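Analysis of the macromolecular model
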Amino acid sequence: MDYVAVFVDAGYLFAQGSQVLTGTKLQRGEMRLNVDGAVRALTDLAVRASRELRLLRIYWYDGTSGEPSHQHRTLARHAHIKVRLGIVNRQGQQKGVDSLLVTDMITLARNRAMAECVLLSGDEDMRVGVLQAQEHGVRVHLLGLKSMTSNQSELLVQEADEHWEWEADDLRTFLTCMPRPQPEAGEETEPLTAEAADRELLKVARAEADNIPAAEREGLIRHIQATGFRPKPVDASLLARSSSAIGGEILGDGQKERVRTAFLDFLVELQQAAAVDR
């Protein structure tokens, strides 16, 4: 049976996805990915582009500066996703991600594991993978994110057999952007009292807990309780939004502990409420 495979450059998806949705590139902590929604959207496009071929799997390429993130673990547990990780260096640059993707594309083509594939990327370095996959008889469908400015290599677009584009409405089915509020120019605010600051921190903790997809809450709770740490993207978003909520001030150690503890408490509360509803 012939299969279609999907290759996702996560760096391109998040950076250009936030650009399409908000007009600016956001940090990972300011974005939420609905994994099931992403799988549905990618699978639907792959099946449509390949004229009803069966999905082999979705290969997800990303970088990490250490252990896989909570999002990486959630993706890896999904039945249709294979996570492949490169390295993020101290300058925030991904290393080895492109080569992993290209190598996998060529290997699958050479082994006749796929007849067609969908590539979500804009990097010109992917051309060699596209060319060699085509030499083994694989049709390559390049998927891009429609923007006011070009975000894909023109040479990469030319090499692909077909070019597809997702617009903002396509992305909103699985990607949510929550940029930090920015103060207006010249705007001055009165410093918050300790009590008012604490109330704002609790609001942020509850909002961040609410933003965790229900399917991910139990695993996240177990991870925090077992290690005492929150995954880096989750913690970064929590602290950044907490700082914004109290006027951009640097959080003290006590405030960090307060919002982190409240975040876990609210997660547990949400999980318990869901269990009662079931």
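Quick caveat: nothing in here was measured; it's all calculated off a predicted structure. (Residues numbered from 1 in each chain as written. Predicted model: local features only at pLDDT ≥ 70, side-chain atom pairs only at ≥ 80, totals over all residues. Heavy atoms only, no water.)

**A short note on the packing of aromatic side chains**
To describe a pair of aromatic rings, one takes the distance between the centres and the angle between the planes. To be explicit about the condition: Only rings of Phe, Tyr and Trp enter the pairing, Trp through its six-membered ring, and a pair is recorded when the two centres are within 6.5 Å. The plane angle decides the type: under 30 degrees is stacked, over 60 is edge-to-face, the rest tilted. Helical segments are the DSSP runs of H or I of at least four residues, strand segments are the runs of E of at least two, and each set is numbered from the N terminus. Partly exposed residues are those whose accessible area sits between 20% and 50% of the maximum for their type, while under 20% is buried and over 50% is exposed, using a 1.4 Å probe and protein chains only.
A complete count under the given rule lists 3 aromatic pairs for this structure. Each ring, one from Phe 7 and one from Tyr 61, has its centre 6.4 Å from the other, and the planes form 25°; the classification is stacked. Pair noted here: Phe 7 is in strand 1 (residues 3-9) and Tyr 61 is in strand 3 (residues 54-64), with a separation of 54 residues, a long-range link. Across the pair, Tyr 61 and Phe 7 agree in class, each one buried. Cluster of aromatic residues (ring-pair linked, three or more members): Phe 7, Tyr 59 and Tyr 61.

**Re the pairing of strand 1**
The criterion, for reference: In this analysis, strands are considered paired if DSSP registers two or more bridges between them.
The buried count for strand 1 comes to 6 of 7 residues, which makes it a mostly enclosed element. The pairing of strand 1 with strand 3 spans 6 bridges and is classified as parallel. The residue of strand 3 that forms the bridge with Val 8 is Trp 60.

**Some points on the nonpolar core**
Using the following cut-off: We call a set of buried residues a nonpolar core when its members are Ala, Val, Leu, Ile, Met, Phe, Trp, Tyr or Cys and they connect through side-chain atoms within 4.5 Å of each other.
Counting residues in each nonpolar core, the largest one holds 38 residues, and the members touching the most others are Leu 33, Trp 60, Trp 166 and Phe 174. Among the elements that line this core, the one with the most residues is helix 2 (residues 35-49), at 8 residues. Residues Phe 7, Leu 108, Ala 133 and Ala 160 belong to the second largest nonpolar core, which totals 22 residues.

**Some points on helix 4 (residues 97-110)**
Selection rule: Helices are assigned an expected span. That span is 1.5 Å times one less than the residue count.
Between its first and last C-alpha, helix 4 extends 20 Å over 14 residues, near the 20 Å set by a 1.5 Å rise per residue. Where helix 4 is concerned, the buried positions are Val 97, Leu 101, Val 102, Asp 104, Met 105, Ile 106, Leu 108 and Ala 109. Taken from the residues just after helix 4, Arg 112 is the one with a positive phi, measuring 55°.

**Focus on the side chain of Ser 18**
We count it as follows: Whenever two N or O atoms come within 3.5 Å, that pair is a polar contact, provided that in protein one can donate a hydrogen and the other can accept it, and provided that, for residues adjacent in sequence, both atoms are side-chain atoms. For this analysis, residues touch if any pair of their heavy atoms sits within 4.5 Å.
Considering the arrangement of structural elements, one finds Ser 18 in helix 1 (residues 10-22). According to the relative accessible area criterion, Ser 18 is buried, its value standing at 0%. Only 3.1 Å separates the side chain of Ser 18 from the backbone nitrogen of Leu 26, close enough to count as a polar contact. When sequence neighbours within four positions are dropped, the list of residues in contact with Ser 18 reads Leu 13, Gly 23, Thr 24, Lys 25, Leu 26, Met 31 and Cys 177.

**Some thoughts on the packing of helix 10 (residues 232-245) against helix 11 (residues 253-277)**
The cut-off we apply is this: In this analysis, axes come from line fits to C-alpha atoms, helices being fitted only over the stretch in contact, and the angle between any two N-to-C directions falls in the range 0 to 180 degrees. Any angle that is under 35 degrees is reported as roughly parallel, and any over 145 degrees as roughly antiparallel; angles of 65 to 115 degrees are reported as roughly perpendicular and all others as oblique. By convention the crossing between two helices is left-handed if the near helix lies anticlockwise of the far one by an angle smaller than a right angle, and right-handed if it lies clockwise. Residues were grouped as follows: Ala, Val, Leu, Ile, Met, Phe, Trp, Tyr, Cys and Pro as nonpolar; Asp, Glu, Lys and Arg as charged; and all remaining residues, including Gly, as polar.
It is the contact of helix 10 with helix 11, at a shortest axis distance of 11 Å, that shows an interaxial angle of 120°. Taken together, the axis directions place helix 10 and helix 11 in an arrangement best described as oblique. Considering how the two elements wind past one another, helix 10 and helix 11 form a crossing that is right-handed. From helix 10, Val 234, Asp 235, Leu 238, Leu 239 and Ser 242 reach across to helix 11, where they touch Lys 256, Val 259, Arg 260 and Phe 263. Residues of the contact of helix 10 with helix 11, tallied by class, amount to 5 nonpolar, 1 polar and 3 charged.

**Topic: helix 2**
With 15 residues, helix 2 ought to run about 21 Å at 1.5 Å a step, and its terminal C-alpha atoms sit 21 Å apart, in line with that. Taken together, the buried positions of helix 2 are occupied by Val 35, Gly 37, Ala 38, Val 39, Ala 41, Leu 42, Thr 43, Leu 45, Ala 46 and Ala 49. The N-cap of helix 2, judged by a side-chain oxygen 3.2 Å from the amide nitrogen of Asp 36 a few residues on, is Asn 34.

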